[in-house]
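A look at the structure
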Amino acid sequence: MAELLKVTTPIINKNQPVQQPAPTNTPGVLNVQDASKVLQTHNQTDMMKDGNATLENSSAPAMLLNLLKDPAVAASYLKNISFLEEIFKLLPANNRTMTSEIEQLFGSMMLPENEIAPEMMRQGETATLLRGELFDFLREINNAPSAPNDLQTAIANFLRAANSLLCREDIRGAVYNNLQFLRKSLNSSKDLTLKIDQLLERLSSSNEKEFPEIKKEILSFLNDVNSSILYNEKLDKVLSILKYNLSRYNGNEDYFHEAAFLLRQHLNGPQRRRFSSLAEQFLNQLAAGRVHEDLKFGSSRVMDTLTKLLSLHSSNEGLSPGDEAKIEQILHSLLSSPCNFTPLLHFIIPVDYMGMRSFAEVWVNPDSDEKDMPKGAGHGVHFLLVIDAEGVGRFEADVYVHDKIVDFNLLCPPGLESAFSKLSKPLAQTFTSLDYRVGSIDFGPLERPRSLMEAFKSLPYKRMGLDVKI
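A brief report on the enclosed structure follows. Worth saying up front: this structure is predicted, and the values here are computed from it rather than measured. (Residues numbered from 1 in each chain as written. Predicted model: local features only at pLDDT ≥ 70, side-chain atom pairs only at ≥ 80, totals over all residues. Heavy atoms only, no water.)

1. Considering the overall build of the protein chain
Along its length, the protein chain carries 20 helices and 6 strands. The buried share of the protein chain, taken over its 470 residues, is 34%. Taking all contacts inside the protein chain whose residues are at least 6 apart in sequence as the whole, residues at least 24 apart take part in 65%. A total accessible area of about 29,900 Å² is found for the protein chain, and carbon and sulfur atoms account for 55% of it. (Helix = DSSP H or I, 4+ residues; strand = E, 2+ residues; numbered from the N terminus. Buried < 20%, exposed > 50% of the residue type's maximum accessible area, 1.4 Å probe, protein only. Contact = heavy atoms within 4.5 Å. Areas by Shrake-Rupley, 256 points an atom, 1.4 Å probe, with all protein chains shown as cover.)

This is how it looks when you write it as structure tokens:
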């Protein structure tokens, strides 16, 4: 047995250094092509929550920034409707009534060549509520070279008071829509839905004097919703919006009279008499519901039809999640322009020219600075035209107007640059009878669609307030 132990015991020199075993190599980056290393699928529930932020978790400015990536969102929507109309003509549709109604609406919206300028004037008139002789007078005295800061402050307070009176009907409509949404969310409770029906009936049949009492009833009802078992985070946001709309309502005209009295102190004799007459006329038209009946060009046919098309699609309960997202994107695009977030004029122009349909969106910055204009141009007006023509493709045109000079830059589908470059001479000849002259005319390929942030480089600075004068 002793001899066996001598054989199996390894012979080790005591002076020999002992080598430490090498550490095992940590596995590197997983090679996707080698699927043998994947032992178990990873649970990506938490990853999906962090990566895919919903509307509740994301901020509104971030969502609107994503919308600005496509400045032709409404034109793309109209193009899709046109494509569906062609499909409806080729295939038998189940809903004949809806198909004929959409076809009739879409046909009435297409503009001939001679209606483009009047339609842009109609859309331009509806860009603001502060229109009419009274507000033109305020713009006149505000743009005077010697207008002091106190006068501008008094004009701003008066406009705030006038806007509160102009928006009363819109606020009542917003409250009505909020209550309708609440009714759908609380349809499982008979008591709450019955109370909402009573409030909706009172809102639709009441006048301005009764609204303060209805406002108290609505606030009392919201307390009942807070204590309901159906109350959740989504309803909390709806209630917050409803309370905000109620706080915006101001039915008292004393604020308007006080703001008008303070503004009168900064005017001379003739200006005071004219301002008093215009303010009284404004109140009379507001009481009679005739504030905006003096439109020179009437309401926009395109915007009215687009509103009806969106309402038809949004009322369809069988919409897919993709269609709902598209409609929501269009609504956000229309509602955010023009506004503080997107301080640009916005026009939607669908044209039918010799049987070929084209859909265009026009964005205008009437107060462009050096960031938007070409080098050396200074201040001016910058137009961005995004045109989608059937059978041709997408075009993007930049028009810069400065010092009676018009610079034109057209980006057309690749391969058509030489064909459209021949239009440079006829385009220059159109300005011979005008007070403007043509500057530079450039043609190039549209390699990729641009966003509004790329076309109007001053937008980020205006939103951050870096170039705001105090």
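Having seen the structure, we can now continue with the description.
2. So, the sheet that holds strand β3 (residues 380-389)
Taken in spatial order, the 6 strands line up as β1-β2-β3-β4-β5-β6 in an open sheet, and their pairing is mixed. Of all strands in the sheet, those bounded by a partner on one side alone are β1 (345-353) and β6 (437-445). In this sheet, neighbouring strand axes are inclined to one another by 15° on average, regardless of whether the strands run parallel or antiparallel. Pairing analysis gives 9 bridges linking β3 to strand β4 (residues 393-402), with the strands arranged antiparallel. By the bridge assignment for β4, L384 is matched with D398. Taken strand by strand, helix α6 (residues 116-125) contacts β1 and β2 (356-368), and its axis lies near 155° from that of β1. (Pairing = 2+ DSSP bridges. Axes fitted to C-alpha atoms, helices over the stretch in contact; angles between N-to-C directions.)

3. A look at the nonpolar core
Among the nonpolar cores identified, the biggest contains 25 residues, and F135, L138, F158, F256, L263, F275 and F282 are the most heavily contacted of them. Secondary structure elements with two or more residues in this core: α7 (133-142), α8 (149-166), α13 (254-264) and α14 (269-288). Counting residues per element, this core draws most heavily on α8, which supplies 8 residues. Ignoring anything within four residues of it in the chain, the contact list for F135 reads L130, L159, A162, L166 and F282. Counting residues in hydrophobic clusters, the runner-up holds 23 residues, among them L182, L200, V225 and V238. (Core = buried A, V, L, I, M, F, W, Y, C linked by side-chain atoms within 4.5 Å.)

4. Observations concerning the packing of α8 against α14
Close contact between α8 and α14 brings their axes to 11 Å; oriented N to C, the two are set at 20°. On the basis of their axis angle, the class for α8 and α14 is roughly parallel. Judged by the twist between their axes, the crossing of α8 over α14 is left-handed. For the pair formed by α8 and α14, the contact residues are F158, A162, L165 and L166 on the first element and F275, F282, L283 and L286 on the second. For the contact of α8 with α14, the class distribution of residues is 8 nonpolar, no polar and no charged. (Parallel < 35°, antiparallel > 145°, perpendicular 65-115°, else oblique. Left-handed = near helix turned anticlockwise from the far one by under 90°. Nonpolar A, V, L, I, M, F, W, Y, C, P; charged D, E, K, R; others polar.)

5. Description of the packing of α8 against α13
One way to put it is that α8 packs onto α13 with a least axis distance of 9 Å and a crossing angle of 160°. In terms of orientation, α8 lies roughly antiparallel with respect to α13. α8 and α13 meet at a crossing whose hand is left-handed. Contacts between α8 and α13 pair L151, A154, I155, N157, F158, R160, A161, A162, S164 and L165 from the former with Y255, F256, A259, A260, L262 and L263 from the latter.

6. Section: the pairing of β4
Among the 10 residues of β4, 9 are classified as buried, and the element is accordingly described as predominantly covered. Counted between consecutive antiparallel strands, the loop separating β3 from β4 contains 3 residues, among which G391 sits at a positive phi close to 80°. Of the strand pairs in this sheet, β4 and strand β5 (residues 405-412) are connected by 7 bridges, and their pairing is antiparallel. Across the sheet, residue V401 finds its bridge partner in β5, namely V406. Linking β4 back to β5 in an antiparallel pair, the connection comprises 2 residues, with D403 at a positive phi of about 50°.

The quantities given are spatial measurements derived from coordinates; they are silent on function.
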